[in-house]
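Remarks on the overall topology
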Amino acid sequence: MFIEILGARYYEKFDVGLLCKDVKSAFNLDVTFRKTVIDFGFTFDANRIQYNSTQILNILLKSNKIKKDTKAILLTDLDLFVPIMTHVFGEAELNGRVAVVSSHRLHTEYYGLPQNIDLLQERITKEIIHELGHTFGLLHCKYADCVMKSSTYVEDVDMKGMNFCNSCKSQFFIV
Amino acid sequence: MNNKNYGILVVDDEKIVRESLFKWFLEDGYRVDTAENAAEALRKLQSATFDIAFVDIKMPGMDGLELQRHLKEVDKSLTVVIITAFASVDSAVRALKDGAYDYVTKPIDPDELTHIVNNIINQKKLLTENIQLREKIDELTQFDEIVGDSLQIKKVFELISTVAKTDTTVLIRGESGTGKELVARAIHAHSSRKFFPIIPVNCGALNDNLLESELFGHEKGAFTGAQYRRKGKFEMADGGSIFFDEIGCVSERLQVDLLRVLETRQFTRVGGEQVISVDVRVICATNKDLELAVKEGKFREDLYYRLNVFTIFLPPLRERKSDIPKLANHFMKKFSQVMNKPVTQIDPEAMDVLVRYDWPGNIRELANAIERAMVVGKPPQISKEDLPFQMKNTNGIKPSSDSIEEIEKIHILKILHQYNWNISKSAEVLDIDRATLYNKINKYNLKNR
């Protein structure tokens with residue numbers, strides 16, 4: 001089993017190598033990063049000026065770019081939504097093969113604060129591990145430190161850790 | 001409790017909304033189901049239980065408002081959250097008035113959604129915990145210790161039920177061992193104060209100074225040994241009940257203090273100046289003739305009238321002999337559990353002895369007799385031989401005449417049996433010296449059979 005991070009219209013000023021290393025350490029699987037081009041056109045909602053993450057997952061599932069035995073996660077800087085929600089940081093196919101993470105609302109500048117690339121790197125890494133966790137069948141966790149803790153606003157992302165708690169880890173290995 | 005134990009039903013005619021919320025809640029670990037219209041929602045609610053229903057306010061056919069009412073008819077405990085568009089907030093407010101817990105506007109802020117669900121779940125957890133605790137308290141405060149179905153005890157039950165609902169001061173009267181404290185606890189347990197403590201005070205067990213400190217508490221340094229400030233029984237009983245056992249034993253000095261507290265519900269700690277107010281219900285018990293004590297000037301008349309508002313007379317066991325079999329079996333079961341001894345019945349002959357005995361020590365004596373029989377007897381039943389010695393022998397012995405001598409003879413024999421023919425102890429109880437007792441034994445030709 002491999003993990004592939006696909007970058008499409010993503011924010012390029014962070015350390016991709018460090019991201020792969022952290023994700024690899026979380027899952028103990030080989031992780032690669034690849035730039036890709038995806039036509040997001042029909043996933044765009046002009047009224048909301050956001051992109052439909054569920055439709056992006058469908059594009060990924062139908063694309064022939066994802067190899068067998070690979071969990072693929074798309075990293076983008078586009079603002080994502082699912083129709084009923086105002087926004088999402090990411091979405092994953094539970095117990096599936098694909099996921100998507102947006103860094104749009106993870107930038108400190110989005111909240112009127114000075115740029116902080118290190119913090120952005122940390123937030124992106126956490127969200128990528130979190131969404132990949134869902135593709136391995138993990139649900140949200142109650143432990144404050146666990147990376148699988150649900151994050152509905154950015155402070156939640158900052159508060160949780162980058163690693164799986166023992167309970168999630170054991171489920172992950174069972175999976 | 002795991003989130004899996006909580007069920008969420010999403011009712012919306014838009015497939016995309018159903019799917020999004022389904023996935024959202026699934027990732028949170030909840031048990032989720034969806035329905036695309038009111039009919040399907042009601043059908044699903046009939047076949048499964050849900051804790052929360054997210055209901056779209058605008059649906060073809062039955063709308064969210066009407067569906068909410070129907071859902072509540074099926075399951076009163078279901079919490080409904082209305083999903084609405086900005087344009088229909090007025091309807092959402094109407095839904096709130098109709099009993100919806102909250103509403104969310106489309107598109108939903110994920111943070112708001114999480115908060116609403118967490119609040120509902122926490123509230124449900126508290127409610128469940130509250131119900132469990134109340135059941136626990138009800139279990140603990142059942143007055144199944146008061147056993148019997150004689151007319152006399154039924155009357156007592158009636159009086160307990162009547163007075164428990166009020167805050168009236170109760171005076172429980174009856175011989176020693178008739179269960180006065182149990183009645184006090186039953187009154188408390190059936191009152192609105194049951195979630196607060198009932199604090200018992202045994203007025204006969206403490207001297208004047210100690211009792212004062214026990215009742216009102218004391219400040220640090222109030223007397224030698226008062227190293228810390230201590231709350232008194234009145235303070236501890238705040239919100240609940242205070243039970244004065246053997247109220248007739250309270251000294252005249254303390255009667256004055258007690259009267260003042262009962263009138264004002266205010267007092268100061270021993271050695272203190274701060275006036276403390278309490279909200280307590282007073283229940284008293286005595287086996288003494290308070291009227292006689294008032295006449296003799298030993299009990300204050302004003303305190304007597306203050307206490308004697310509602311009186312419950314507990315009949316002695318000899319006046320409700322029909323309850324003895326039930327009581328005996330009750331104690332047998334109780335001690336069988338405590339001692340882990342498989343005693344399951346009382347031999348009819350033994351029961352006959354129990355019923356015919358006069359029980360001067362009332363229920364306490366009966367309980368002790370059964371406990372003793374359980375210790376010495378062999379399972380599975382209590383036999384006549386297991387009963388206390390004096391009971392078997394005195395049973396059926398009636399004075400052959402009403403002469404003083406005959407009554408004295410029977411009484412001495414009873415005491416001797418009661419104390420296992422311990423001459424010193426029996427003489428002490430009879431309030432005569434050992435030599436006199438020996439003379440009486442010889443005179444009446446009494447023998448330890």
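Given the structure is predicted, the values throughout are model-derived calculations rather than measurements. (Residues numbered from 1 in each chain as written. Chains lettered and ligands numbered in written order. Predicted model: local features only at pLDDT ≥ 70, side-chain atom pairs only at ≥ 80, totals over all residues.)

Moving on, we come to the packing of helix α8 (residues 208-216) of chain B against helix α10 (residues 252-264) of chain B. Residues and elements named next belong to chain B. Where α8 contacts α10, the two axes come as close as 10 Å, and the packing angle between them is 15°. Our classification of the angle between α8 and α10 gives roughly parallel. Between α8 and α10 the crossing geometry is right-handed. Each of Asp208, Leu211 and Glu212 in α8 lies in contact with α10, whose residues at this interface are Arg253, Leu254 and Asp257. (Axes fitted to C-alpha atoms, helices over the stretch in contact; angles between N-to-C directions. Helix = DSSP H or I, 4+ residues; strand = E, 2+ residues; numbered from the N terminus. Parallel < 35°, antiparallel > 145°, perpendicular 65-115°, else oblique. Left-handed = near helix turned anticlockwise from the far one by under 90°. Contact = placed C-beta atoms within 7 Å.)

The extent of an interface is frequently quoted as the accessible surface area lost upon association of the parts. Taken together, the contact between chain A and chain B spans 14 residues of the former and 16 residues of the latter. Residue composition of the side of chain A that touches chain B, by class: nine nonpolar, five polar and no charged. (Nonpolar A, V, L, I, M, F, W, Y, C, P; charged D, E, K, R; others polar.)

Sheets are built from strands that pair by backbone hydrogen bonding, the pairs being arranged parallel or antiparallel. All names here are of chain A. Taking strand neighbours across the sheet as the criterion, the five strands line up as β2-β1-β5-β8-β7 in an open arrangement whose pairing is mixed. Each having just a single partner strand, β2 (30-35) and β7 (90-92) make up the two edges of the open sheet. Between one strand axis and the next, the sheet turns by 15° as a mean value, whatever way the strands run. Pairing of strand β5 (residues 70-76) with strand β8 (residues 98-102), which is carried by five bridges, proceeds in the parallel orientation. Paired with Ile73 across the two strands is Ala99, which belongs to β8. Seen against the sheet, helix α2 (residues 53-62) touches β5, β7 and β8 and runs at an angle of roughly 135° to β8. (Pairing = 2+ DSSP bridges.)

A word on the nonpolar core. Within the largest apolar cluster, 78 residues are counted, with the highest numbers of intra-cluster contacts made by Ile73 of chain A together with Ile8, Phe54 and Ile82 of chain B. Among the nonpolar cores identified, the runner-up in size contains 39 residues, and Val156, Leu171, Cys203 and Phe243 of chain B belong to it. (Core = buried A, V, L, I, M, F, W, Y, C linked by C-beta atoms within 7 Å. Buried ≥ 20, exposed ≤ 12 C-beta atoms within 10 Å, placed from the backbone.)

At the junction of Lys106 of chain B and Pro107 of chain B, the peptide bond is cis and its omega measures out at -10° in the coordinates. Summarising the element assignment, Pro107 of chain B is placed in the loop between β5 (102-105) and α5 (110-141). Even without glycine at this site, Ile49 of chain A takes up a positive phi of about 55°. Structurally, Ile49 of chain A is set in the loop between β3 (44-45) and β4 (50-52).

Residue and element names in this part refer to chain B. For helix α13 (residues 324-339), spanning 16 residues, the distance from its first C-alpha to its last is 22 Å, which sits close to the expected 22 Å at 1.5 Å a residue. Of all the residues in α13, the buried ones are Ile324, Leu327, Ala328, His330, Phe331, Met332 and Phe335. Where α13 is buried, its residues touch β13 (345-346), α14 (348-356), α15 (362-376) and β14 (381-382). Trailing α13 by a residue or two, Asn340 shows a phi angle of about 55°, which is positive. (Expected span 1.5 Å × (residues − 1).)

Residues and elements named next belong to chain B. Contact pair α13 / α14: the axes reach a minimum separation of 9 Å and the direction vectors enclose 120°. Classified by the angle between their axes, α13 and α14 sit oblique to one another. In the packing of α13 onto α14, the handedness of the crossing is right-handed. Residues Ile324, Pro325 and Ala328 of α13 form the contact with α14, whose participating residues are Met351, Leu354 and Val355. The residue inventory of the contact of α13 with α14, partitioned by class, reads six nonpolar, no polar and no charged.

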